[in-house]
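Residue-level listing of the chains:
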Amino acid sequence: MKKRLSIFALFLTVNFSVFGQLSDRVSDPSTYKFGTRPSAGTKVLTFGVDVNDETLTKQNLLGKGNLITGKYFLNDDLAIRGGLRLSRTSDFSKGDIDTSLSGGNTLSNKYKESSREYVLVPGIEKHFGYSNIFDVYAGSDLYLGFGRDVTENNEDYSGNMYSYTKTTTGKTVVGLGGIIGVNVFVLDLPIALGVEYGWTGIWNFGGKTKVVNETNDGSRTTTQEYYTQDNDGLGNVDNNYYSKLSKRSSNIDTNNNLRLILSIYFN
């Protein structure tokens with residue numbers, strides 16, 4: 001995070017230095033106009049650094065786990081904004097074991113692990129003022145996140161014995177956010193640098209793990225179903241097995257979504 005902030009600060013310094021030089025170059029025919037406000041139909045790709053590094057609200061800094069973020073101006077002072085993240089990983093193996101080489105009584109196995117996550121952050125912005133240099137706006141965001149982790153560990157043994165275990169961990173994240181922001185247009189469009197901050201309320205539902213274990217000892221089949229969690233409501237490591245388990249958490253705070261923003265405009 002410190003490295004990202006340093007890079008962003010250097011970018012700000014360089015661009016404001018350029019602004020100071022260009023504002024004096026009135027005799028150069030290639031002098032740029034300083035600042036041009038976006039209008040209806042303008043599209044914006046945004047990149048940002050979350051100073052407080054909130055996991056769900058990470059902006060697009062082209063890093064793993066970041067949202068892809070952008071805006072679209074419905075008219076000169078109203079824009080819709082949105083963030084999107086789609087993530088899925090999967091590993092699988094299945095095989096018959098040569099017991100003459102490996103020994104033991106395991107005849108075959110199948111292992112599978114998968115993880116997926118979807119995050120949607122739709123929002124809206126109302127822009128104020130008509131300066132070609134400063135752009136002040138206020139808005140709100142809705143956070144929707146869904147995730148599911150699944151593991152399967154199936155082993156077959158000699159004597160018609162086996163052990164099949166499947167674990168499933170699901171989660172849902174819902175949140176609301178209110179933001180105030182300011183942009184400084186650098187040169188003529190398409191670049192602006194800015195800051196936005198505000199409050200967010202995040203509710204996490206789920207996070208418990210359902211375990212289904214089916215075993216056969218050669219004479220009968222036994223099925224067990226229970227729930228586990230990594231940490232309890234006090235934050236302690238929890239090694240208990242539950243027949244029923246509810247799990248949720250929430251966080252509401254001001255200024256916990258402070259961001260430095262780079263916006264690139266295009267039509």
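That block above? That's the structure.
To start, this report covers the structure provided alongside it.

A few words on unusual backbone geometry. We note that Asn160 has phi near 60°; this positive angle belongs to a residue other than glycine. In this fold, Asn160 is placed in the loop between strand 5 (134-157) and strand 6 (161-186).

Its place among the elements puts Glu155 in strand 5. Among buried Asp, Glu, Lys and Arg side chains, Glu155 stands out as unpaired, with Lys110 the closest opposite charge at 13 Å. Among the polar contacts made by the side chain of Glu155, one reaches the side chain of Tyr111 at a distance of 2.7 Å. At 2.7 Å, the side chain of Glu155 and the side chain of Tyr157 are in polar contact. Among all residues touching Glu155, those that are not within four sequence positions of it are Ser108, Asn109, Tyr111, Tyr162, Ser163 and Tyr164.

Attention now moves to the packing of aromatic side chains. The relative placement of two aromatic rings is captured by the distance of their centres and the angle of their planes. For the structure shown, the criterion picks out three aromatic pairs. Between Phe185 and Tyr265, the ring centres sit 6.0 Å apart and the planes meet at 55°, which makes this aromatic pair tilted. With Phe185 in strand 6 and Tyr265 in strand 10 (residues 259-266), this pair connects stretches of sequence that are 80 residues apart. Here Phe185 and Tyr265 have matching classes, each one buried. Ring geometry for Tyr226 and Tyr241: centres 5.0 Å apart, planes at 85°, overall edge-to-face. With Tyr226 in strand 8 (residues 221-228) and Tyr241 in the loop between strand 8 and strand 9 (248-254), this residue pair connects regions lying 15 residues apart in the sequence. For Tyr226, a relative accessible area of 22% corresponds to the partly exposed category. Above the ring of Tyr137, the side-chain terminus of Lys71 is found at 4.7 Å from the ring centroid. Its guanidinium or amino end placed over the ring of Tyr227, Lys208 lies 4.8 Å from that ring's centre, counting from NZ or CZ.

Moving on: the pattern of salt bridges. A side chain of one charge can pair with a side chain of the opposite charge when the charged atoms of the two come close. This model, assessed by the stated rule, comprises 10 salt bridges. Between Arg81 and Glu196 there is a salt bridge, with its nearest N and O atoms 3.0 Å apart. Placement of Arg81 in strand 3 (residues 78-96) and of Glu196 in strand 7 (residues 191-216) is noted, with a sequence separation of 115 residues between them. Assessed through its relative accessible area of 2%, Glu196 is described here as buried. Here Arg85 ties to Glu117 by a salt bridge, and the two come within 2.5 Å at their closest N and O atoms. You can see Arg85 sitting in strand 3 and its partner Glu117 sitting in strand 4 (residues 106-128), a full 32 residues away along the chain. Judged by relative accessible area, Arg85 falls into the buried class, the value being 19%. Linked by salt bridges that have partners in common, Lys71, Arg81, Glu125, Asp141, Glu196 and Arg259 make up one network.

What counts and how
The residue numbering used here restarts from 1 in each chain and proceeds along that chain's sequence as written. Predicted model: local features are reported for residues with pLDDT of at least 70 only, side-chain atom pairs are reported and counted for 80 or more only, and whole-chain, interface and lining totals are derived from all residues. By convention in this description, side-chain values take in all heavy atoms of the structure and omit both hydrogens and water. Secondary structure counts use DSSP, requiring at least four H or I residues in a row for a helix and at least two E residues in a row for a strand, with both numbered from the N terminus. Accessible area is worked out with a 1.4 Å probe on protein chains only. A residue is then buried under 20% of its type maximum, exposed over 50%, and partly exposed in between. Lys and Arg are tallied as positive, Asp and Glu as negative. Neither His nor the chain termini are counted. Think of a salt bridge as a Lys or Arg side-chain nitrogen and an Asp or Glu carboxyl oxygen that are within 4 Å of each other. Whenever a nitrogen or oxygen atom comes within 3.5 Å of another N or O atom, the pair is scored as a polar contact, on the condition that within protein one atom can donate a hydrogen and the other can accept it, and that pairs from neighbouring residues in sequence are kept only if both atoms are in side chains. The criterion used for residue contact is that any of the two residues' heavy atoms lie within 4.5 Å. The rule is short: rings of Phe, Tyr and Trp, with Trp giving its six-membered ring, pair when the centres are within 6.5 Å, and they are stacked under 30 degrees, edge-to-face over 60, tilted in between. Consider the ring centre and the ring normal. A charge sits over the ring if Lys NZ or Arg CZ is within 6 Å of that centre and within 35 degrees of that normal.

Distances and angles like these do not, on their own, reveal function.
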